[in-house]
Amino acid sequence: AQSVTQPDIHITVSEGASLELRCNYSYGATPYLFWYVQSPGQGLQLLLKYFSGDTLVQGIKGFEAEFKRSQSSFNLRKPSVHWSDAAEYFCAVAQKTSYDKVIFGPGTSLSVIP
Amino acid sequence: NAGVTQTPKFRVLKTGQSMTLLCAQDMNHEYMYWYRQDPGMGLRLIHYSVGEGTTAKGEVPDGYNVSTLKKQNFLLGLESAAPSQTSVYFCASSYSNRDVYKWVETQYFGPGTRLLVL
């Protein structure tokens with residue numbers, strides 16, 4: 001069965017520091033991969049989606065994610081975190097043939113220290 | 001351009017009552033979705049629609065029905081509400097486009113509907 005794990009329940013970083021949020025998935029074939037962010041002020045937003053091809057995906061708000069097939073990972077990165085990035089981040093996976101199997105991870109809560 | 005709107009924002013139901021949640025988008029997006037989010041968890045897809053009249057089940061469709069009204073409106077119905085359906089419901093719409101040599105997807109979410117079933 002497909003699954004998504006986000007090993008870090010909570011991460012704290014200092015403003016201006018780099019960020020990496022981890023996501024691992026279990027799936028039989030290369031799926032679509034997503035990162036979402038949820039914050040009280042901004043609601044839910046799709047940060048980026050991996051379709052195929054180039055393994056480095058650029059998203060909104062300065063985020064990027066790298067798909068590593070050999071590690072079944074899709075980690076989210078940002079070179080310099082802003083206080084407004086404090087939020088809950090969700091990784092998700094969906095099969096390419098049908099969207100109905102989209103599965104979300106449990107989320108990672110990000111706190112940013114000024 | 002209002003984006004994605006949801007009606008109502010909050011509702012309390014008694015077990016067995018029925019209700020319809022309305023989602024509307026004014027961006028002419030082809031795909032629309034209904035998710036639920038329970039405390040401490042990510043989203044779970046209930047149903048989604050593709051254009052007008054085509055819908056499909058997601059991960060947790062039981063107890064819900066959906067319908068579309070033109071491409072812009074996606075309705076989620078609870079025929080007989082149960083306490084297990086207490087949740088926050090989010091609607092979303094999306095489109096994909098090709099940016100030079102790669103595909104990019106943009107998805108917009110509504111503000112959510114808090115539903116409490118007693």
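Located above this text is the structure these notes cover.
This part is about a nonpolar patch on the surface. A cluster of nonpolar side chains, B:Phe10, B:Val12, B:Leu116 and B:Leu118, forms an exposed patch at the surface whose accessible area comes to about 370 Å². Along the polypeptide, B:Phe10 turns up in strand S2 (residues 10–13).

Chain B puts 20 residues into the contact, and the matching count from chain A is 17 residues. Interface area, chain B with chain A, both sides summed: about 1,500 Å², of which 61% is carbon and sulfur. Summed over the three residues of chain B that lose the most area to chain A, namely B:Leu43, B:Glu105 and B:Phe109, the buried surface amounts to 30% of that side. Connecting chain B to chain A are 1 salt bridge. Ionic pairing is found between B:Glu105 and A:Lys49, a salt bridge with its closest N-O pair at 2.5 Å. Our enumeration of links across chain B and chain A arrives at 3 residue pairs in polar contact (both at pLDDT 80 or more). Those elements that place two or more of their residues in the side of chain B that touches chain A are strand S4 (31–37), strand S5 (43–50), strand S9 (87–99) and strand S10 (102–109) of chain B. In terms of residue count, the dominant contributor to the side of chain B that touches chain A is S10(B) (6 residues). Along the lines of polarity and charge, the residues of the side of chain B that touches chain A split into 10 nonpolar, 7 polar and 3 charged.

Residue and element names in this part refer to chain B. Note that Gln25 resides in strand S3 (residues 19–25). For Gln25, the side chain forms a polar contact with the main-chain oxygen of His29, separated by 2.9 Å. Gln25 has contacts with Gly3, Val4, Met32, Lys71, Gln72 and Ser93, leaving out every residue within four places of it along the chain.

The rules behind the values
- Residues numbered from 1 in each chain as written.
- Chains lettered and ligands numbered in written order.
- Predicted model: local features only at pLDDT ≥ 70, side-chain atom pairs only at ≥ 80, totals over all residues.
- Heavy atoms only, no water.
- Patch = residues over 30% accessible without salt bridge, like charges linked within 9 Å, V, L, I, M, F, W, Y side chains within 5 Å.
- Areas by Shrake-Rupley, 256 points an atom, 1.4 Å probe, with all protein chains shown as cover.
- Salt bridge = Lys/Arg side-chain N within 4 Å of Asp/Glu carboxyl O.
- Helix = DSSP H or I, 4+ residues; strand = E, 2+ residues; numbered from the N terminus.
- Contact = heavy atoms within 4.5 Å.
- Buried area = accessible area lost by both parts, 1.4 Å probe.
- Polar contact = N/O pair within 3.5 Å; in protein donor to acceptor, adjacent residues only side chain to side chain.
- Nonpolar A, V, L, I, M, F, W, Y, C, P; charged D, E, K, R; others polar.

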